[in-house]
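Survey of secondary and tertiary structure
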Amino acid sequence: MSAMLSSKFQGCLLGGAIGDSLGMPTEVGPSRKPGQTIAETCGVAQVTTYLNSPNPDFLKAGEYTDDTQQTICLAETFLDGKGNFSGIVFAEKLKASIEKKMRGIGPSTIRIFQALSNGQIQNVVSGSMASNYPTNGGAMRIAPVALLYYWDPKILFEKVVEATKLTHGHPTSIAGACIHAFVIAKLLTAQRESFDISSLRHEVAAFIEPIDSEMAQHIELSRKSSGNGCLVIETVPEILDAFLNQPNDYLSGVLGQVNSDGDTDTKASMIGNLLGAW
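So, here's what we can say about the structure. (Residues numbered from 1 in each chain as written. Predicted model: local features only at pLDDT ≥ 70, side-chain atom pairs only at ≥ 80, totals over all residues. Heavy atoms only, no water.)

What follows covers the overall build of the chain. Along its length, the chain carries 15 helices and 0 strands. Taken over C-alpha atoms, the radius of gyration comes to 17 Å for the chain, in line with the 19 Å a tight globule of 278 residues would show. Principal-axis analysis of the C-alpha atoms gives the chain an extent of 50 × 45 × 40 Å. Within the chain, buried positions represent 53% of all 278 residues. Relative to all contacts within the chain whose residues are 6 or more apart in sequence, the contacts with residues 24 or more apart total 67%. (Helix = DSSP H or I, 4+ residues; strand = E, 2+ residues; numbered from the N terminus. Rg over C-alpha atoms; globule rule 2.2 N^0.38 Å. Buried < 20%, exposed > 50% of the residue type's maximum accessible area, 1.4 Å probe, protein only. Contact = heavy atoms within 4.5 Å.)

Pasting the structure below:
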């Protein structure tokens with residue numbers, strides 16, 4: 001591996017983890033109550049560094065959430081399998097990691113964890129316990145798959161689907177994970193001097209069209225969805241837009257998501273993946 005590619009790998013993973021940790025105290029739900037401003041909960045007008053969660057029972061300054069927790073579990077699963085995904089290994093790693101420290105896992109993964117705790121590992125591995133609600137959990141952890149299979153879009157797609165559907169079975173959740181992995185893959189191989197970054201939106205839309213035409217239209221037309229929660233059709237297009245509008249400033253890009261609304265840790269983590277890879 002070249003020094004440049006190695007640097008991009010590190011940038012992608014560390015960029016995501018840093019964004020996740022910065023966004024932790026502003027996330028609506030575990031840290032911030034709905035309707036509260038950042039100033040009301042964090043005591044500052046803008047978050048610019050690591051802060052404790054306003055919720056004393058949650059995480060401390062600099063700690064990462066379930067976004068990075070699940071990313072690590074997924075990366076270790078592929079490493080153990082020498083590039084292959086094992087649902088049993090991932091499920092076991094996820095269960096052990098959550099038992100060690102609860103980091104604000106979302107509703108879809110909570111359901112899986114409860115099933116694992118009740119000994120239903122085969123039901124989990126079969127995908128029968130996967131959520132059919134289109135949340136972010138698959139997309140937020142998918143970066144390691146992009147790093148492994150950036151060189152072949154077809155294989156990348158197959159591996160992303162395999163690694164997502166265990167917990168997130170909704171087609172839009174899978175499409176969101178495919179988009180995030182595809183964009184990371186493109187940024188890893190792009191030559192900064194010659195790459196037309198404005199073409200990325202069209203390439204992403206074409207890649208995802210056979211899977212989810214509605215998501216493809218959101219990407220192609222930069223169409224905004226209502227809401228700012230944990231639905232993948234809200235967050236993935238928003239993050240791609242934010243990256244395309246400001247691709248060369250990691251700190252501003254990440255802090256823009258940290259100081260937004262809704263699922264701020266996930267949004268900051270995902271744009272951190274993209275900016276770090278670029």
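Following the structure, the description resumes.
With that settled, consider helix α9 (residues 153–164). A rise of 1.5 Å per residue sets the reference length of α9, with its 12 residues, at 16 Å; its end C-alpha atoms lie 16 Å apart and thus fit the reference within 8%. Looking at α9, one finds that the buried residues are Leu-156, Lys-159, Val-160, Val-161, Ala-163 and Thr-164. Check the buried side of α9 and you find it contacts α3 (66–80), α7 (137–140), α8 (143–149) and α10 (171–189). Between the side-chain oxygen of the N-cap and the backbone nitrogen of Lys-154 there are 3.0 Å, and the N-cap of α9 in question is Asp-152. (Expected span 1.5 Å × (residues − 1). Polar contact = N/O pair within 3.5 Å; in protein donor to acceptor, adjacent residues only side chain to side chain.)

Another aspect to go through is unusual backbone geometry. In the Ramachandran plot, Lys-82 falls in the positive-phi region, its phi being about 50 degrees despite a non-glycine side chain. Looking at where Lys-82 falls in the secondary structure, it is placed in the loop between α3 and α4 (87–100). For Lys-82, a relative accessible area of 76% translates into the label exposed.

Another aspect to go through is the nonpolar core. Counting residues in hydrophobic clusters, the biggest one holds 75 residues, and the most contacted among them are Val-145, Ile-184, Leu-187, Leu-200 and Phe-243. Among the elements that take part in this core, α10 stands out by supplying 12 residues, more than any other. If we skip the residues at most four places from it in the chain, Ile-184 touches Cys-12, Ala-143, Ala-146, Leu-147, Asn-273, Leu-274 and Ala-277. (Core = buried A, V, L, I, M, F, W, Y, C linked by side-chain atoms within 4.5 Å.)

With 15 residues, α3 should reach 21 Å at 1.5 Å per residue; the first-to-last C-alpha distance of 21 Å fits that figure. Taken together, the buried positions of α3 are occupied by Asp-66, Asp-67, Thr-68, Gln-69, Gln-70, Thr-71, Cys-73, Leu-74, Thr-77 and Phe-78. Phi for Lys-82, located one or two positions after α3, is positive at around 50 degrees.

Bringing the environment of Ser-131 into the picture now. Tracing the sequence through the fold places Ser-131 in the loop between α6 (121–125) and α7. Each residue touching Ser-131, except ones within four places of it in the same chain, is listed here: Ser-108, Arg-111, Thr-167, His-168, Gly-169 and His-170.

On to empty space enclosed by the protein. Scanning the model with the defined rule gives 1 cavity of 30 Å³ or more in all. As for the largest cavity, its lining consists of Ile-179, His-180, Val-183, Val-236, Ile-239, Leu-240, Met-270 and Leu-274. Counting residues per element, the ones that place at least two in the lining of the largest cavity are α10, α13 (232–245) and α15 (264–277). The residue inventory of the lining of the largest cavity, partitioned by class, reads 7 nonpolar, 1 polar and no charged. (1 Å grid on protein atoms, 1.4 Å probe; cavity = no way out; pocket = protein on both sides within 12 Å on 5 of 7 lines; lining within 4 Å. Points joined across faces, edges and corners; volume = space filled by probe spheres on them. Nonpolar A, V, L, I, M, F, W, Y, C, P; charged D, E, K, R; others polar.)

Looking now at the packing of aromatic side chains. Counting across every chain of the model gives 7 aromatic pairs. Ring centres of Phe-78 and Phe-85 lie 5.7 Å apart, and the angle between their planes is 40 degrees; this geometry places the pair in the tilted category. Judged by relative accessible area, which is 2%, Phe-78 ranks as buried. According to the relative accessible area criterion, Phe-85 is buried, its value standing at 12%. The lysine or arginine in question, Arg-103, covers the ring of Tyr-64, its NZ or CZ lying 4.1 Å from the ring centre. The side chain of Arg-192 reaches across the aromatic face of Trp-278, ending 4.6 Å from its centre. (Phe/Tyr/Trp six-rings, centres within 6.5 Å; stacked < 30°, edge-to-face > 60°. Lys NZ or Arg CZ within 6 Å of the ring centre and 35° of its normal.)

Within the structure shown, the criterion is met by 9 salt bridges. Lys-93 is paired through a salt bridge with Glu-76; the nearest N and O atoms lie 3.8 Å apart. Separated by 17 residues along the polypeptide, Lys-93 in helix α4 and Glu-76 in helix α3 bring together distant segments of the chain. Owing to a relative accessible area of 21%, Lys-93 belongs among the partly exposed residues under this scheme. With a relative accessible area of 36%, Glu-76 lands in the partly exposed category. A salt bridge links Lys-95 to Glu-99; the shortest N-O distance between them is 2.7 Å. On the criterion of helical spacing, the pair formed by Lys-95 and Glu-99 is a turn pair, its members being 4 residues apart in helix α4. Since its relative accessible area comes to 24%, Lys-95 is described here as partly exposed. Salt bridges sharing partners connect three or more residues here, namely Glu-76, Asp-80 and Lys-93. (Salt bridge = Lys/Arg side-chain N within 4 Å of Asp/Glu carboxyl O.)

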